[in-house]
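# Architecture at a glance
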Amino acid sequence: MPLARPRSRARQIALDTLVLGIAGAAAAIVFNFVLHWCGQLFLGGLAGYSPPGLPSEGGVPVESIGPNGLWLVPLVTTLGGLIVGVLTTRFAPETTGHGTDSVVRAFHRDGGRMRGRVAPVKLLTSAITIGSGGSAGREGPIAMIAAAIGSWYAERTGRDDQERRMLLLVGAAAGISAIFRSPIGAALFVVEVLYADMEFEASALLYATLAAVIAYALAGLVNGFGPLFAVPLPIAPLTNKLSYVWYGVLGVASGALATALPVVFYRVRDGFRALPVHATLKPAIGGFLTGVMAMFLPQLIGGGYGWIQRAIDGQLTLGILLVLAIAKIVAMSFTVASGGSGGVFAPSLYVGAMLGGACAAAAGLPAAPFVVVGMAAVFAGSAHVPFAAMMMVVEMTGGYALLVPAALAVSLSYLVQHRLSAALRYRSLYEAQVASRGDSPAHHTAHLGIALQILRDHKVSNLRHLGELDLVGLLRSGVEVDLAQGQRLMVGVLRADSAYAGTTIGASGRALAGDGTNIIALLRGEHMIAPRADTVLTPGDRIILVAAGDGLANLRTHFDPW
């Protein structure tokens, strides 16, 4: 039975934030524990291999290869993929892939709803994927786990869709913050990753930040409060005049690589979807391919944070840095795009770190600042999250002195990636992103309300006599509503045989029903399109318009009922 809402909405959401901050920290601690256990069991116990770890997480910064060498690694990655395939297809198919995309999709299209079983299934399958050597990270899993907790909590407390969406984001921010020790960056990430263009879900930012800080503080009591990566201090990123030039070069190169990253990832995904084998076996095939690569390049195993630290410390040569930057994209795609369960954040950071290290090696400059900036630049471009990427990376490294060069490289990467990917099918690592708030089904009702308010403000019509307008009922019924001055509010679906199909609103909008016609809103599929002069009308468009009464007879011949 849902709990009753308290009288104060602000007080209730503040309480929700506290609850989800605690839950996010707990989820992160449990996930890290299970992940460590799976790594010990699969990679350490069966394959006899231990990748370098981070001292900040209790790891050893050197790799350990057992007496059998690396030839058991493909068997272990295949076994891990097989177990994951069985678990996901049997219990929660939506937990395949990188997780964050599912959170974005739930926000836009499902009213913030995620099944409660997603959290435990995602936790276990991601721990097995990464712990068995899969080339994936922790961001997607913890985002999905904590977001599912937020969605479940909202359902149990009887929230509407609007509040459920907010709690989905609040939960995700808490989990990401606790894992990556990045409270501000995590909050920015969950409100920025929803949109492909420069838009934010600003209404959730304050509560996401509060939950992220709570989760960071609680997880810090267990894991420590220092940054994940150790960066030599003090950092002097602009000590010579050519540094600006090299950070600019890194930004452009990051944009090019960030363009290729989603294309490779989703092309591999499409290839696995087309394979004529049962879905249960596909993660095993991806695991096997990843394991074969790891036999020759063990640096590709897991999230690779230990190798990023090695790059920060300047311990990798130019040749291996370039090879790893490209190979990690392929290995990540084999692991995650095949149906494995893991994130793409850590692999993207890895790609950027290796590219930044290569840039520093080519320029003969210190590695650490370029590795840090490269991490932010590649992820910012490939995921379309420039501000979140900058903040998360500087928090994870403690490299706050690098904000200015990071801003330069991230901005160039984002702009280059947008330009190069404009005509591509796959433009971002997060396929469920929509361009803007106007394109999100989560905001369609609000935008239609705004459209009607514009009618009132511009005195195109007088709707006061209508009382409470049942907008949904109106759209479904196709009933024309009488307005002032002989006008009517009408909705309809543009017919395929209409003379106006294929023409622009600027060319034919007025001709639809005379000079009194005003197109208020246009819906195409699930997307709201702002009616502009250059907007092309297509058959099937659902159009809301105000028309002069004397032109309605002509207008009706071009529309079917909604």
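Residues numbered from 1 in each chain as written. Predicted model: local features only at pLDDT ≥ 70, side-chain atom pairs only at ≥ 80, totals over all residues. Heavy atoms only, no water.

This part covers the side chain of threonine 129. In this fold, threonine 129 is placed in helix 4 (residues 118-131). A residue is classified by how much of its surface remains accessible, and threonine 129, at 6% relative accessible area, is buried. In this structure the side chain of threonine 129 is engaged in a polar contact, spanning 3.2 Å, whose partner is the backbone nitrogen of serine 341. Aside from chain neighbours lying at most four places away, what touches threonine 129 is Val84, Gly134, Thr335, Gly340 and Ser341. (Helix = DSSP H or I, 4+ residues; strand = E, 2+ residues; numbered from the N terminus. Buried < 20%, exposed > 50% of the residue type's maximum accessible area, 1.4 Å probe, protein only. Polar contact = N/O pair within 3.5 Å; in protein donor to acceptor, adjacent residues only side chain to side chain. Contact = heavy atoms within 4.5 Å.)

Below, the discussion takes up empty space enclosed by the protein. Considering all chains together, one arrives at three cavities of 30 Å³ or more under this definition. Taken together, 15 residues form the lining of the largest cavity, with Thr77, Gly81, Thr129, Gly287 and Thr335 sitting closest to its centre. Residue assignment for the lining of the largest cavity shows that the elements contributing at least two residues are helix 2 (73-91), helix 10 (282-296) and helix 12 (318-337). Of the residues that constitute the lining of the largest cavity, the class distribution is three nonpolar, twelve polar and no charged. (1 Å grid on protein atoms, 1.4 Å probe; cavity = no way out; pocket = protein on both sides within 12 Å on 5 of 7 lines; lining within 4 Å. Points joined across faces, edges and corners; volume = space filled by probe spheres on them. Nonpolar A, V, L, I, M, F, W, Y, C, P; charged D, E, K, R; others polar.)

Before going further, it helps to examine the nonpolar core. Membership of the largest hydrophobic core comes to 145 residues, with the highest contact counts inside it found for Phe189 and Tyr305. Here the element with the most residues in this core is helix 14 (residues 367-383); it accounts for 13 residues. With sequence-adjacent residues up to four places away left out, tyrosine 305 is seen in contact with Leu54, Arg138, Phe180, Leu228, Phe229, Phe345, Ala346, Leu349 and Met396. (Core = buried A, V, L, I, M, F, W, Y, C linked by side-chain atoms within 4.5 Å.)

Right, let's get into the confidence of the model for the protein chain. In the predicted model, the protein chain carries a mean pLDDT of 86, and 85% of its residues have values of at least 70. Taken as a whole, residues 1-7 scores under 50 in pLDDT and shows eleven contacts with residues more than four places along the chain or in a different chain. Across residues 459-472, where pLDDT falls below 50, the model places 18 contacts with residues more than four positions away in sequence or in other chains. (pLDDT = per-residue confidence, 0-100.)

The computed volume of the largest pocket comes to approximately 1,000 Å³. In terms of lining, the largest pocket is formed by 41 residues, of which the most central are Leu35, His36, Gly53, Leu54 and Glu57. For the lining of the largest pocket, the secondary-structure elements that each account for two or more residues are helix 1 (9-47), strand 1 (49-50), helix 4, helix 6 (161-180), helix 8 (205-223) and helix 11 (305-312). If one sorts the elements of the lining of the largest pocket by residue count, helix 1 sits on top with nine residues. The residue inventory of the lining of the largest pocket, partitioned by class, reads 19 nonpolar, 18 polar and four charged.

Turning next to the side chain of arginine 138. Within the secondary structure, arginine 138 sits in the loop between helix 4 and helix 5 (139-156). A polar side-chain atom of arginine 138 sits 3.1 Å from a polar atom in the side chain of glutamate 57. Residues within four places of arginine 138 in sequence aside, it is in contact with Phe31, Asn32, Leu35, Glu57, Ile130, Ile179, Phe180 and Tyr305.

Turning to the pattern of salt bridges, a few remarks are in order. What the rule picks out here adds up to twelve salt bridges. Taking the shortest distance from any N to any O, the salt bridge between glutamate 57 and arginine 138 comes out at 3.1 Å. A residue pair is termed long-range when its members are at least 10 positions apart, and glutamate 57 in the loop between strand 1 and strand 2 (64-65) and arginine 138 in the loop between helix 4 and helix 5 qualify at 81 residues. Between glutamate 163 and arginine 159 there is a salt bridge, with its nearest N and O atoms 3.0 Å apart. The residues glutamate 163 and arginine 159 share a single accessibility class, namely buried. (Salt bridge = Lys/Arg side-chain N within 4 Å of Asp/Glu carboxyl O.)

It is worth spelling out unusual backbone geometry at this point. The phi dihedral of arginine 181 falls on the positive side, at around 55 degrees, and the residue is not glycine. Residue position: arginine 181 is located in the loop between helix 6 and helix 7 (183-192). Judged by its relative accessible area of 8%, arginine 181 falls in the buried class. We note that histidine 384 has phi near 60 degrees; this positive angle belongs to a residue other than glycine. With respect to the helices, strands and loops of the structure, histidine 384 is situated in the loop between helix 14 and helix 15 (386-397). Classification of histidine 384 as buried rests on a relative accessible area of 2%.

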